[in-house]
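# What the coordinates show
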Amino acid sequence: MNTFAGSDPTAGNYGRLYKNVLPSTSTVRDGAGADINFSTITSCLQANWDAAAIRTAGRTLNRYEFKIGHTPFGNEVLGWTSAGTATSTTSYRTLNYGRRYFVSVRAFDDTGFAGEEATSNGVLIVDTSSPTVTISSFSALSQTQIKIYFTATDEGSGLADTNPYFVEISPNADMGGANNSGWISQTDHTFSSLKRNGRYYFRVKAKDKADNIGTSTITDWRAKPGTHQENMTVRTGANAFGFVGDALWDWDVPVKSGSALIITAYIRYNTEYGGSATKPKLTLSGVGISPTSISATGTAENAWELLTINAGTPSQNATLTLRAEGFSTSPGAKFYIDDINVSQ
Ligand SMILES: [Ca+2]
Ligand SMILES: [Ca+2]
């Protein structure tokens with residue numbers, strides 16, 4: 001008896017005829033309330049709509065159906081699905097960043113006829129969170145090179161598919177006049193043509209698929225000071241370690257547990273270092289000991305002074321760090337370390 005059941009009521013003469021008697025859904029909104037056009041949620045898609053108008057006396061609403069597509073009236077994501085008699089739906093599914101989703105709705109009356117479809121104007125899934133970037137380590141490869149290692153993660157769309165990293169280096173703490181690596185793919189970068197013992201500040205940026213950019217904290221380090229080739233400063237052997245005045249340098253010191261540890265080293269500084277500047281200092285630190293420091297005295301000016309670090313007994317096998325540190329900012333300042341001896 002019913003030749004129109006299941007037909008598209010908006011098409012052809014029958015559609016025009018029945019358009020005015022079938023239930024009509026007019027407005028579909030993306031989201032749970034007022035219409036939204038952007039969302040950061042990727043776990044579900046919500047929509048709500050006005051109750052259908054029942055245009056023919058005696059008929060009642062049977063149900064709503066909704067579908068989801070990437071275009072208005074589309075169903076590429078989900079075909080027609082019942083929403084019961086609710087005027088909203090939450091559809092749990094994985095949504096993709098950068099895609100737009102449209103929800104369409106139709107109403108059925110109790111005689112099995114569907115009214116015309118209405119569609120939302122879409123919601124774009126966006127990633128607004130910036131990547132987290134961490135400088136994991138760095139080292140001075142030479143007197144002119146610093147290598148920086150880093151990592152980055154992004155909880156939204158993920159890091160950009162190509163060249164997500166950008167590394168900057170500057171002699172200034174405010175990053176003014178910085179050089180950069182350009183956008184690169186690898187998680188390390190070496191800057192060259194640096195100044196010997198120069199202090200450099202660096203930071204790393206990372207970009208996600210939505211072009212959000214995250215930035216690491218600024219870290220600083222020095223290019224290697226290198227050894228001076230001034231024979232008069234050599235105490236014994238081929239050469240001493242020489243540093244310009246405010247240099248900072250570390251040695252690895254492997255030690256074993258349970259045996260008293262004594263480190264001795266000779267230290268001296270030149271006249272240009274300045275008598276009023278904080279004297280050069282040696283510091284031993286690391287796991288299994290208490291950090292121990294000793295500074296040169298005035299007798300180390302132009303003469304070798306023997307310093308002794310009595311660090312006690314290490315409580316575990318470890319590689320400790322012995323740091324030599326100068327504090328003079330005088331341009332001609334130099335200090336030297338020689339004959340480092342570790343006894344256990
Ligand atoms: Ca919308
Ligand atoms: Ca992100």
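Preceding block: the structure.
Below, the structure is looked at part by part. (Residues numbered from 1 in each chain as written. Chains lettered and ligands numbered in written order. Predicted model: local features only at pLDDT ≥ 70, side-chain atom pairs only at ≥ 80, totals over all residues. Heavy atoms only, no water.)

## Re the sheet that holds strand E19 (residues 248-255)
With antiparallel pairing, 4 strands are arranged side by side in an open sheet as E19-E24-E21-E22. The outermost strands of the open sheet, each flanked by one partner alone, are E19 and strand E22 (292-295). Adjacent strand axes in the sheet meet at a mean angle of 15 degrees, parallel and antiparallel pairs treated alike. Relative to strand E24 (residues 318-325), E19 is paired through 8 bridges, and the arrangement is antiparallel. The partner of Val-253 across the bridge, within E24, is Leu-320. (Pairing = 2+ DSSP bridges. Helix = DSSP H or I, 4+ residues; strand = E, 2+ residues; numbered from the N terminus. Axes fitted to C-alpha atoms, helices over the stretch in contact; angles between N-to-C directions.)

## Topic: the coordination of the calcium ion (ligand 2)
Distances from the calcium ion (ligand 2) to its protein donors, Asp-127 (OD), Asp-127 (OD), Ser-129 (O), Ser-129 (OG), Asp-154 (OD), Asp-154 (OD) and Asp-208 (OD), fall within 2.2 to 2.9 Å. One chain supplies every donor to the calcium ion (ligand 2), and in sequence these donors are spaced D-x1-S-x24-D-x53-D. Linking Asp-127 in the loop between strand E9 (123-125) and strand E10 (132-140) with Asp-154 in the loop between strand E11 (146-153) and strand E12 (165-170), this pair joins segments that are 27 residues apart in sequence. (Donors = N, O, S within 2.8 Å, 3.2 Å for Na, K, Ca; no water.)

## Details of the nonpolar core
Judged by nonpolar contacts, the single largest core of 50 residues is most densely connected at Ile-148, Leu-284 and Ile-337. When we break this core down by domain, the ones giving at least three residues each are domain 2 (132-222) and domain 3 (231-343). Listed in part, the 18 residues of the second largest apolar core include Ala-47, Leu-95, Tyr-101 and Val-105. (Core = buried A, V, L, I, M, F, W, Y, C linked by side-chain atoms within 4.5 Å. Buried < 20%, exposed > 50% of the residue type's maximum accessible area, 1.4 Å probe, protein only. Domains from an automatic or database assignment.)

## Notes on the coordination of the calcium ion (ligand 1)
The coordination sphere of the calcium ion (ligand 1) contains the protein donors Asp-30 (OD), Asp-35 (OD), Asp-35 (OD), Ile-36 (O), Asn-37 (OD1), Asn-121 (OD1) and Gly-122 (O), at a distance range of 2.3 to 2.6 Å. Counting along the primary sequence, the residues that act as donors to the calcium ion (ligand 1) give the motif D-x4-D-I-N-x83-N-G. Residue classification places Asn-121 among the partly exposed residues on the basis of a relative accessible area of 48%.

## Points about a nonpolar patch on the surface
Together, Phe-241, Ile-340 and Val-342 make up a nonpolar patch on the protein surface, roughly 210 Å² of accessible area in all. With respect to the element layout, Ile-340 can be found in strand E25 (residues 334-343). (Patch = residues over 30% accessible without salt bridge, like charges linked within 9 Å, V, L, I, M, F, W, Y side chains within 5 Å. Areas by Shrake-Rupley, 256 points an atom, 1.4 Å probe, with all protein chains shown as cover. Salt bridge = Lys/Arg side-chain N within 4 Å of Asp/Glu carboxyl O.)

## Section: the side chain of Arg-106
The residue Arg-106 is located in strand E7 (residues 100-109) in this model. Within the structure, the side chain of Arg-106 is placed 2.9 Å from the side chain of Glu-65, a separation counted as a polar contact. Apart from residues lying up to four places away in sequence, Arg-106 is in contact with Thr-25, Arg-63, Tyr-64, Glu-65, Trp-80, Ala-114, Gly-115, Glu-116 and Glu-117. (Polar contact = N/O pair within 3.5 Å; in protein donor to acceptor, adjacent residues only side chain to side chain. Contact = heavy atoms within 4.5 Å.)

## Points about the packing of aromatic side chains
Within this structure, the stated rule accounts for 7 aromatic pairs. With a centroid separation of 5.3 Å and an interplanar angle of 65 degrees, the aromatic rings of Phe-150 and Tyr-165 are classed as edge-to-face. Linking Phe-150 in strand E11 with Tyr-165 in strand E12, this pair joins segments that are 15 residues apart in sequence. Take Phe-150 and Tyr-165: they sit in the same class, and that class is buried. An aromatic cluster is present here, built from Phe-138, Phe-202 and Trp-221 joined pairwise through their rings. The positively charged end of Arg-63 is found above the aromatic ring belonging to Phe-108, 3.8 Å away from the centroid. (Phe/Tyr/Trp six-rings, centres within 6.5 Å; stacked < 30°, edge-to-face > 60°. Lys NZ or Arg CZ within 6 Å of the ring centre and 35° of its normal.)

## Some details on the pattern of salt bridges
Should their charged atoms come close, side chains of opposite charge can pair. Applying the stated criterion across every chain, the model contains 11 salt bridges. Across the pair Asp-161 and Lys-209 runs a salt bridge whose closest N-O atoms are separated by 3.5 Å. With a gap of 48 residues between them, Asp-161 in the loop between E11 and E12 and Lys-209 in the loop between strand E15 (199-207) and strand E16 (213-215) connect regions that are remote in the sequence. On the basis of relative accessible area, Asp-161 is assigned to the exposed category, the value being 67%.

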